[in-house]
Amino acid sequence: MVCCFFGHKDVPHDIKERLTAVLTELIAEGVDSFLVGNQGGFDSIVLHSLRMLKEKYPHITYNVVLAYMPGAKEEWPTYEPLETLYPERLESVPPRYAISWRNKWMIRESDMAVTYITHSWGGAAQFAELAEKKMKRVINIASMMNTKN
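Residues numbered from 1 in each chain as written. Predicted model: local features only at pLDDT ≥ 70, side-chain atom pairs only at ≥ 80, totals over all residues. Heavy atoms only, no water.

## Concerning the overall build of the protein chain
Note the following rule: Secondary structure elements are defined from DSSP: runs of H or I of at least 4 residues count as helices, runs of E of at least 2 residues count as strands, and each element is numbered from the N terminus. With the radius of gyration taken over C-alpha atoms, the globule rule is written as 2.2 Å times the number of residues to the power 0.38. Here the term buried applies to any residue with accessible area under 20% of the maximum for its type, exposed to any over 50%, and partly exposed to those in between, with areas from a 1.4 Å probe on protein chains only. With residues, only the protein chains shown are counted as cover, and all accessible areas are computed by Shrake-Rupley using a 1.4 Å probe. We count Lys and Arg on the positive side and Asp and Glu on the negative side, and we leave His and both chain ends out. Charge coordinates come from a single atom per side chain, which is NZ of Lys, CZ of Arg, CG of Asp or CD of Glu.
Summing up its helical and strand segments, the protein chain has 5 helices and 6 strands in all. Each helix and strand of the protein chain, placed in order from N terminus to C terminus, yields the pattern β-α-β-α-β-β-α-β-α-β-α. For 149 residues, the compact-globule estimate of 2.2 N^0.38 gives 15 Å, and the protein chain sits close to it at 15 Å. With respect to the three principal axes, the spread of C-alpha positions in the protein chain is 45 × 35 × 25 Å. Buried residues in the protein chain amount to 46% of all 149 residues. Total accessible area computed for the protein chain in this model is approximately 8400 Å², and 53% of it derives from carbon and sulfur atoms. In the protein chain, the 17 positive side-chain charges and the 18 negative ones have mean positions that sit 4 Å from each other.

## Some thoughts on the sheet that holds strand β1 (residues 2-7)
Which entries qualify depends on this criterion: Between any two strands, at least two bridges found by DSSP are needed for them to pair. Between two residues, a contact is recorded if the distance between any of their heavy atoms is within 4.5 Å. To obtain an axis, a line is fitted to C-alpha atoms, over the contacting stretch when the element is a helix, and the angle between two such axes runs from 0 to 180 degrees between their N-to-C directions.
Judged by pairing direction, the sheet is parallel, and its 6 strands sit side by side in the order β4-β3-β2-β1-β5-β6 without closing on themselves. Of all the strands in the sheet, the pair left with one neighbour each is β4 (84-85) and β6 (137-140). With 5 bridges joining them, β1 and strand β5 (residues 112-116) adopt parallel strand pairing. Across the sheet, the residue bridging to Phe 5 is Val 114, located in β5. Contacting β1, β2 (33-36), β3 (61-65) and β5, helix α2 (residues 41-56) runs over the sheet at an angle of about 145 degrees to β1. Packed onto the sheet, helix α3 (residues 98-109) meets β1, β2, β3 and β4 and runs at close to 145 degrees relative to β1.

## Focus on α2
Here is the rule: Any helix carries an expected span of 1.5 Å times its number of residues minus one.
Over its 16 residues, α2 extends 23 Å from the first C-alpha to the last, a length consistent with the 22 Å expected when each residue adds 1.5 Å. Among all positions in α2, only Phe 42, Asp 43, Ile 45, Val 46, Leu 47, Ser 49, Leu 50 and Leu 53 are buried. Where the residues of α2 are buried, they touch β1, α1 (15-29), β2, β3 and β5.

## Overview of the state of the cysteines
Heads up, the rule is: In plain terms, two cysteine sulfur atoms within 2.5 Å form what is called a disulfide here.
A full pass over the atoms with the stated rule returns 0 disulfides. The cysteine Cys 3 is free of any disulfide, with Cys 4 supplying the nearest cysteine sulfur at 6.2 Å. On the accessibility criterion, Cys 3 (0% relative accessible area) is buried. Overall, the relative accessible area of 1% leaves Cys 4 in the buried class.

What follows is the structure, encoded as structure tokens:
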């Protein structure tokens, strides 16, 4: 099974523990492939968690799904080349629509999404809603964090 991620650019770092627990549960349920973007704080925390979990669960795979093809080697500082994936046909999409196209592609390729959504506007909320409309299972880490308080 495949899981993708959508979340706000700015997220508290204390979500990492809950995120890792959710990912561990999903791996136990059979999720073994993960697709993550590279645009914000949530994506960064997800990638760090997946790198750590890969050490414990070597059978899982993950890819950073790029919206733009990097130019120079210096633009790849935080990713290993084998960690990245550039969806086929994305090169023909105008740059202004690349992130949206990439996110829709990730939803099509996934069985579920893990999100960090605290408000109903913006890109993260839009794509979480689209995933739900496409009948994907959506787990919102933010709502889990709020119920703990």
